[in-house]
Structure formats: structure tokens, C-alpha cells
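Per-entry structural report
Read off the chains here:
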Amino acid sequence: MDLSRAVGHLLRRAQQRHAELWAEIVDPDLTSSQFAVLEAVVHWADDWGIRDQGSVAGRAGLDVSTGAEMMRRLEAQGWLQRVPHPLDSRRRVIEPRPPAAVVVRVVQPAVRQVQERLCSPLASADLDWAMPRWFALGDTQDAAEAPGRPGQVLRLAQQRHSRLWGQLVSTDTTSVQFAVLTSLETGEPTKQSDLAVRAGVDRSTASSVIQRLARRGLVERQEGRDKRQRMIGLSDEGRALLGELTPAVEVLQRELLTPLNEEDHHRVIALLARLVTEGDG
């Protein structure tokens, strides 16, 4: 499989790039999902001034379960509170505490910088064309409307990719593990650092993934010319597993694109590829 043309792989790498920029520019202790919930709670309420949990999650570009988890964490940190619903005391709605508005106001300039750097490889016209189609890839009914930031839109699409992976491909082998195995399929044993680049993961992630794959007997470690540098190769078991999983992964790639018109497929993939290969840093 050509990972450079696999929409699921590109979505994962785009989301990974967004996370790296967020940690660098904003705050590694405040995730982008938490900020999206805070922003939704601070700036949005329905016509009756009510912020129910499901609507807040949708406005933040999160599925309901992820949004609920974010709200629990933010409540524990003292930024949100649950109060009785004004029309039904058995229900709870979300309200911001005073620190929430301060955090949103202070962090917003850095968040804009993240989006600008994430999308820097794309012309504004390309981004305008891509945003509604990336949102369609998420194929979600939870979001009340398309979120305004590319990072949120790409997260929705990546969440759908993760759900489909568990349904269509495997619950034992992750998409990252599959990318590492695929990167070894046609080549000679390679250095771990080079393998990380080919699979589109950082070195620490590659090290952890390789350890797991080695314990399962799917990759083999070999000594290179420099005995300090181990080479990684694909085992017979790993090659057999790739043969089993690749048809299902191909089905997944097609399924991800089903919300789009077929004539848009090539351009969506091309723009995602530019986003992850031509970004700064």
C-alpha cells in the first residue's frame, strides 16, 4: 500500500502535526479538545441561555463521548460547572466559571497561530475548498455545524478513521503499527530513525511501536554495520499479517471517502498530502 496516498494515514499525520504545533505554541497541558470545549461554553448558548452537554460537544467539533470526558476534566480543574437545568431539575447543564473566559481570551492568539502554521502549505482558495470536504470526511451527526478551525475539522475526520479502523480492520493492530509494517514491506532492513520517517511517526513513538511489534514476532531486530545501530526488518509473520490486513485497509480508505463526490477524491488526498509533507518545522 502507498501510504502517501492513503487518506486515513494522511489524516493521522495531519492530526499529529496539529498536536505538535499545539504543544509548541499553546500549552501542552491544555489540549486542543479542552480549549474547544471551553470556547464553546464561553461563547455559545441556545436561545434560552442553555448549554446542554451534547450541544457543547457538537459546537466544539467533538463526538458526544469525547466531549463529555473533556467537560469532566475541565470541571475538575474548576473551569466549568454543572448546574440544574432551568426547566428540569433532574438534568444538568454546563456553565463557565470565571477563569474559563480569561483562558479563552488569552489563548486565542496562539490558537490562530497554530492554524496558520498548520495550513501554511495551502493557498487560501485551496483551504476554502478543502474545509467543507474535510468536515464531510468526519461524517458526524454530533456537530451542530462545521467547526471554524482546520484542526477541529481534521480531528473529526481522524476520529471517524479510528472508529472505522476498529470496525473494519483490527482491534489488535493499530493504524500506526500497520504503517510501520507497511514501511518495511518492500525494503531491506532499515534503521529505526529512517523507519520513523517513512511511517510518519516521531522517534519515540516508533521505538514503542517497534517494541510491541517485536514482542508479537512481527518484526526482527538485526545488527547493522555499526553495531550500535539496530536494523529493523519484517518477519515472515509480519508479512503474513500485512497480507491479511491490507485488503481491509483498502476498504477502509474507500469508506472514508464515501461522503465525497468521486471527482473530489484526488484533490482532497493531494491537499492532505501537501499539508503533512510541506509544513514548516
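Preceding this section is the structure that the text describes.
Report on the accompanying structure. (Residues numbered from 1 in each chain as written. Predicted model: local features only at pLDDT ≥ 70, side-chain atom pairs only at ≥ 80, totals over all residues. Heavy atoms only, no water.)

A closer look at the overall build of the protein
Summing up its helical and strand segments, the protein has twelve helices and five strands in all. Against the 2.2 N^0.38 benchmark of 19 Å for 281 residues, the protein shows a C-alpha radius of gyration of 21 Å, consistent with a compact globule. On the principal axes, the C-alpha backbone points of the protein span a range of 70 × 45 × 35 Å. Scored against the burial criterion, the 281 residues of the protein give a buried share of 50%. A separation threshold of at least 6 residues defines the contact pool for the protein, and within that pool the share at least 24 residues apart is 64%. Roughly 14,000 Å² of accessible area belongs to the protein as shown, and the carbon and sulfur atoms make up 47% of that amount. The averaged location of the 38 negative side-chain charges in the protein is 4 Å from the averaged location of its 36 positive side-chain charges. (Helix = DSSP H or I, 4+ residues; strand = E, 2+ residues; numbered from the N terminus. Rg over C-alpha atoms; globule rule 2.2 N^0.38 Å. Buried < 20%, exposed > 50% of the residue type's maximum accessible area, 1.4 Å probe, protein only. Contact = heavy atoms within 4.5 Å. Areas by Shrake-Rupley, 256 points an atom, 1.4 Å probe, with all protein chains shown as cover. Lys, Arg positive; Asp, Glu negative; His and termini not counted. Charge placed at Lys NZ, Arg CZ, Asp CG, Glu CD.)

Thoughts on the pairing of strand E2 (residues 88-96)
Note: strand E1 (residues 80-85) against E2, six bridges, orientation antiparallel. Opposite Val-83, over in E2, you have Val-93 as the bridge partner. (Pairing = 2+ DSSP bridges.)

Re the nonpolar core
Counting 84 residues, the largest nonpolar core has Val-37, Trp-134 and Leu-137 as its most contacted members. In contact with Val-37, other than residues within four places in its own chain, are Val-56, Ala-60, Leu-62, Met-70, Met-71, Leu-74 and Leu-80. (Core = buried A, V, L, I, M, F, W, Y, C linked by side-chain atoms within 4.5 Å.)

Side note on empty space enclosed by the protein
This structure, assessed with the given rule, holds two cavities of 30 Å³ or more. Looking at the largest cavity, its volume works out to about 70 Å³. Listing elements by their share of the lining of the largest cavity, those giving two or more residues are helix H1 (7-25), helix H7 (150-169), helix H8 (175-184) and helix H11 (236-256). Residues belonging to the lining of the largest cavity are distributed by class as follows: seven nonpolar, five polar and one charged. Within this model, the second largest cavity holds a volume of roughly 40 Å³. (1 Å grid on protein atoms, 1.4 Å probe; cavity = no way out; pocket = protein on both sides within 12 Å on 5 of 7 lines; lining within 4 Å. Points joined across faces, edges and corners; volume = space filled by probe spheres on them. Nonpolar A, V, L, I, M, F, W, Y, C, P; charged D, E, K, R; others polar.)

What about the side chain of Gln-34?
Mapping Gln-34 onto the fold places it in helix H2 (residues 32-43). Taking relative accessible area as the criterion, Gln-34 reaches 5% and is therefore assigned buried. With residues up to four places along the chain from it excluded, the contact list for Gln-34 reads Asp-29, Met-70, Arg-73, Leu-74 and Gln-77.

With respect to helix H9 (residues 192-199)
Regarding H9, the residues found buried are Ser-193, Leu-195, Ala-196 and Ala-199. Considered in projection along H9, the buried side chains sweep an arc of 160 degrees and stay on one side of the axis. Those residues of H9 hidden inside the fold are in contact with H1, H8, strand E3 (190-191), helix H10 (203-215) and strand E5 (230-234). Gly-200, located one to two residues past H9, shows a positive phi value of around 75 degrees. (Arc of directions from axis to C-beta.)

Some points on the packing of aromatic side chains
Per the counting criterion, the structure on display carries two aromatic pairs. Aromatic side chains Trp-165 and Phe-178 sit 5.8 Å apart centroid to centroid with 65 degrees between the ring planes, which places their arrangement in the edge-to-face category. In this pair, Trp-165 is assigned in helix H7 and Phe-178 in helix H8, connecting sequence segments 13 residues apart. Here Trp-165 matches Phe-178 in class, with each residue buried. Over the aromatic face of Trp-129 sits the side chain of Arg-267, whose NZ or CZ is 4.2 Å from the ring centroid. (Phe/Tyr/Trp six-rings, centres within 6.5 Å; stacked < 30°, edge-to-face > 60°. Lys NZ or Arg CZ within 6 Å of the ring centre and 35° of its normal.)

Some remarks on the environment of Asp-29
Relative to the elements of secondary structure, Asp-29 occurs in the loop between H1 and H2. A residue is classified by how much of its surface remains accessible, and Asp-29, at 66% relative accessible area, is exposed. Remark: the alpha-carbon pair of Asp-29 and Trp-79, spanning 50 residues in sequence, is separated by 14 Å.

Everything listed is a geometric property; what it means functionally is a separate question.
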